[in-house]
Amino acid sequence: MSISSSLKHFSLSLLRLPLKLLVREQGAPSDPKQEFELSNDDHIIYILRTQSVTAIELLRRQASQFQLPSARVTDKKLAVPESGSCLFLNNRPSIFRRSRVNSAHKASIAKLVQAQKDNPDQSFKLVPVSIYWGRSPGKEKSFLRYFMSNVEQSGRIAKFFIMLFLGRQCLVQYGEPIALNSSQVNLDNPPEKTAHKLSRILRVHFNRQWVATVGPRTQNRRDLIDGIVASDLVHHAVEREIKKTGKSRAQIEKQAGKYVKEIAANFSPRMIRFLSTFLTRLWNKIYAGIEVNNLKQVRQLAKDYELVYVPCHRSHADYLLLSYQLYHEGLVPPHIAAGINLNFWPIGSVLRRGGAFFLRRSFRGNKLYTAVFNEYLYRLFNKGIPVEYFQEGGRSRTGRLLTPKTGMLAMTVQSMLRGIRRPIMFVPVYIGYERMFEGKSYVGELRGHAKKQESVGQLLGVRKALKRFYGKVYLNFGQPLALEDYLAKQNIDWSDFQGQAQARPDWLSNFVTDLGDEINRRINAAVSLNSVCLVSLSLLATPRLAMDKQELIAHLDLLMTFARQAPYSEHINIPEENGAQLLDTAQKLGMVQEINDPAGDVISIEGDEAVLSTYYSNNILHVFALTSLIASIFQRHDDVTHEYIANAVKSVYPFLHQELYVRWDINELEERTDQLIQTMLDHKLLFKRGNEYIPADSEAPEWSRLMLLAQAAQPALQRYAMSLTILFSLQPEQVIHRAVLEQESQKLAQRIAALYGINAPEFFDKNLFKTQVKVLKERGWVEHREGIGMRATESCKDLYQSILSMLSIPVQQGLQQAARSLRQQARQLDQVLPDDSTKLVVEDDTEKKD
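Residues numbered from 1 in each chain as written. Predicted model: local features only at pLDDT ≥ 70, side-chain atom pairs only at ≥ 80, totals over all residues. Heavy atoms only, no water.

1. Brief notes about the nonpolar core
Thinking step 1. Counting residues in hydrophobic clusters, the biggest one holds 202 residues, and the most contacted among them are Tyr309, Phe357, Phe373, Phe426, Phe511, Leu515 and Phe634.
Thinking step 2. The biggest single contributor to this core is helix H24 (residues 608-633), with 15 residues.
Thinking step 3. Ranked by size, the runner-up nonpolar core spans 27 residues in total, among them Leu38, Leu59, Val127 and Met163. (Core = buried A, V, L, I, M, F, W, Y, C linked by side-chain atoms within 4.5 Å. Buried < 20%, exposed > 50% of the residue type's maximum accessible area, 1.4 Å probe, protein only. Helix = DSSP H or I, 4+ residues; strand = E, 2+ residues; numbered from the N terminus.)

2. Focus on the sheet that holds strand S19 (residues 640-641)
Thinking step 1. Spatial strand order, S19-S21-S20: three strands in an open sheet with antiparallel pairing. Since the sheet does not close on itself, it has two edges, and those belong to S19 and strand S20 (686-689), each with one partner.
Thinking step 2. In the sheet, S19 pairs with strand S21 (residues 692-695) via two bridges, with the strands oriented antiparallel. Residue pairing across strands places Thr641 opposite Glu692, the latter belonging to S21.
Thinking step 3. Across the sheet, helix H26 (residues 669-682) lies against S20 and S21, angled at about 100° from S20, the strand it touches most. (Pairing = 2+ DSSP bridges. Contact = heavy atoms within 4.5 Å. Axes fitted to C-alpha atoms, helices over the stretch in contact; angles between N-to-C directions.)

3. Some thoughts on the pattern of salt bridges
Thinking step 1. Inspection of every chain in the model, using the stated rule, returns 24 salt bridges.
Thinking step 2. Arg360 is the partner of Glu262 in a salt bridge, and the nearest nitrogen-oxygen pair spans 2.9 Å. One end of the pair, Glu262, is in helix H10 (residues 249-263); the other, Arg360, is in the loop between strand S11 (356-359) and helix H15 (367-383), with 98 residues separating them in the sequence.
Thinking step 3. Among the ionic pairs, Arg522 bridges to Glu518, the shortest N-O distance being 2.9 Å. One end of the pair, Arg522, and the other, Glu518, are both in helix H20 (residues 508-525), four residues apart, so they sit about a helical turn from each other.
Thinking step 4. For Arg522, a relative accessible area of 13% puts it in the buried group.
Thinking step 5. Several salt bridges converge on common partners, so that one network encompasses Glu35, Arg299 and Glu329. (Salt bridge = Lys/Arg side-chain N within 4 Å of Asp/Glu carboxyl O.)

4. Structural notes on the sheet that holds strand S17 (residues 593-595)
Thinking step 1. Pairing is antiparallel in the open sheet, where three strands are placed in the order S16-S18-S17. Strand pairing shows two members of the sheet lacking a second neighbour, strand S16 (546-548) and S17, which therefore form its edges. Here the strands of the sheet are splayed against their neighbours by 25° on average, with no regard to which way each runs.
Thinking step 2. Note: S16 against strand S18 (residues 602-604), three bridges, orientation antiparallel. Note that in S18 the partner of Ala546 across the bridge is Ser604.

5. Considerations on the pairing of S11
Thinking step 1. Residue alternation in S11 divides its side chains into two sets, Ala356 and Phe358 and Phe357 and Leu359, and both sets are buried.
Thinking step 2. Across four bridges, strand S10 (residues 335-339) lies against S11 in parallel orientation. Bridging across to S11, Ile336 finds its partner in Ala356.
Thinking step 3. Taking the sense of rotation as the criterion, the β-α-β connection linking S10, helix H14 (residues 347-353) and S11 turns out right-handed. (Right-handed = clockwise from strand over helix to strand, strands pointing away.)

So, in structure tokens, the structure goes:
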């Protein structure tokens, strides 16, 4: 062994004790061997950016944890570097060394390339590894950054202080390995040429990895405020405001500066590190763990794209959980759009330093505020800072995804048109909870109580909720959506608006509406099935929210069978547990009660849990909606043809597609229907006799399970039937206003809920009726003229009969009775107008809301 190697080994020995005492490193990803599919037979070489004995020791410690080759000093005398050898692209900084480039690594890589060529059956892999201390990007104008701009490249003295103060905030980031036997490497070229090319690839990787993990340098807050106020966009708004109000320029610019202070985040790496430590303890106390799925693709995208995270919004914990987990997975925490209602002392300051920027609920009528916010958002995108916002606008109280508020989407598209450095990529995120600490407040709001305003008092009240246990949390990343690709898919030519700061094309409003719906469908496609949601869905299918324990377990197993054999999407997260284990988890979380009975134990839901069960069931309803719809056909039919099933599903599907954001297009529907029918045949829920399908015998347990499956879609079918019943209750010469149809449908739903004991406030949610009336217009099932009213078309009769045929006899009778009552009252309704003998025009285009 050479003297140089001996000195390095001696240095490593001296370092081990202080490193053991001062440093607690964390690896990302959490299991690099599994994520990158590394094998024990792989010949692995670690590549680091800057020469560091500390890095070798940290990698050695990590190797035993991840079962990777132990890191070691490269022996340059060997013909081929040993597995686990460390190569460095740069030398350690020194005042005595003019060049920082370390060319020695190219010779070692050339040896590896030649070895790969000589041994094609052996797999040689270069694994880039980055080490970050504290992950502070630094400020653009900072004296210290000239000495410690990159802690990985700091000298010995600086490294000592870094270890002393940031040793507990050390991240070891593993990059995508480069396999020398892959198509990426041309082994026919001279090894030296290939080694030079690989060296350049690795340097680019480290630069991009730095941006994805640490983020761009932060701007001084005073410079940010002055820059936004002086921007062209805000300048034009100031000019308009001067003409409108007559105030002086100084006054208007001062107001614009106040708006910037109100809006802008004040990102602090120190606050991020504090929150990381605090939240780790909190999550460990109240949750059984945070399960993350489908993050690998996001890591790759973060290097090349401006990421916009778009999660569903179920709880105030959403933004904390997502930022926390991204930080721990080695990605930059995003800047988060938060409602101004959260900007109260002391939480507002904490959130602002954690990356939150605040926006008002409405920008209407305030052009100056709108310009300031647009400019701030544009600067975030252009600087390369990842952004997160909730397109639903607020937390869902029903468990369903809410109709997107398209304001933030429109401003994102406008920023792209204006021109930013990197293309925008939306990342849909599904956040699921087994239990939520806002559960009790949601029950009150669903029952009509007013929402409590966020305040210090409410914050103190959270302490009681945090003493309980809430099971697991699921963070599932859905299929990313590239903004430019989606514009091209919609055949939109946006080149004419490129470079315009205030562009508002005619197509923008409709486009962002479609974009929001598509993102919602991708969020739902990344759903996580968990014990509480599955048990809720099952028990809600029974009249009294109670079920024999063994039958419940069998039904849970059946739901898991459908989820596995006919998966909703490739991004869905399906639990590995069986029905008995899922039920056991739900019982431990206090969601259900078990009643001992000699004839067999009974599982039931009681009290507030009955209302909350509808919330949890709605989280996953879209997954089983089509299955339930097919099963509903057999409530009233003993034998049907494939054509009948396909037509019945196709007629109702547009409502489910819009209301539940089910993912399939209409042209994919038949294939999905066939897949579900085949699963029913495989498990003897249905049988095929000639060209017809028949259900299991009514005495068989499979019949009961088929009927239980049918119940999930019944509330939606009943709502559709209510609006149609009202339409067909009109006299031939009468029409009805859209708003009146929605109101009367809601009243009828409230009455049906009271008569049949439906304990689900979302059953008569006015927004659901708005959605289905919108679908009626889009599909041409009603003739409608603004200001006059609407009435059913001939094609709507077939839809009405198809839906009625999927409902039980008692429900049909209740609707018919209501229809008779409505016919008697129809002429007395002030809002129902006689037809003026003018032919009504069917409007294919729907109202679009920005």
